[in-house]
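# Commentary on secondary and tertiary structure
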Amino acid sequence: MNTIKISVRNLVEFILNSGDLTTSSGLKDPDAMQEGTRIHKKLQKRMGAGYQPEVPLSITVPVSYDDVDFEMCVEGRADGIFTDETGIVIDEIKGVYSELSHMKEAKPVHRA
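What counts and how
Residues numbered from 1 in each chain as written. Predicted model: local features only at pLDDT ≥ 70, side-chain atom pairs only at ≥ 80, totals over all residues. Heavy atoms only, no water. Salt bridge = Lys/Arg side-chain N within 4 Å of Asp/Glu carboxyl O. Helix = DSSP H or I, 4+ residues; strand = E, 2+ residues; numbered from the N terminus. Buried < 20%, exposed > 50% of the residue type's maximum accessible area, 1.4 Å probe, protein only.

## Here we look at the pattern of salt bridges
Summed over the entire model, instances satisfying the criterion amount to 4 salt bridges. With its nearest N and O atoms 2.6 Å apart, the salt bridge here joins E13 to R9. Separated by 4 residues within a single helix, E13 and R9 lie in helix 1 (residues 8-15), roughly one turn from each other. E13 gets classed as partly exposed once you look at its relative accessible area, which sits at 35%. Between R38 and E35 there is a salt bridge, with the nearest N and O atoms lying 2.6 Å from each other. With R38 and E35 both in helix 2 (residues 32-45) and 3 residues apart, the pair spans about one turn of that helix. Overall, E35 belongs to the partly exposed group, its relative accessible area being 26%.

Set out below in structure tokens:
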């Protein structure tokens, strides 16, 4: 059976696609991604016992559409997972490289 693989981010961006045909992420500072990675690692180190950073996740589901059968594999990575006696919590860290007072609401792709 054929398998179609897609990342969680690409799937969410496709589903939420709207507006003009730009591919720009909107980042104005070329160091923003490196700074985001540094901050992620700093936060992850502070999480303590029961926390596992950078956990790969995937799910593969069978799909049947218009007499065509295939599998869809959605892959991604959790920034971290907390595990304790109450269960499992997936941690997703989102940073904003702009003035927070100018934001009216969260970016839809981040919320998704």
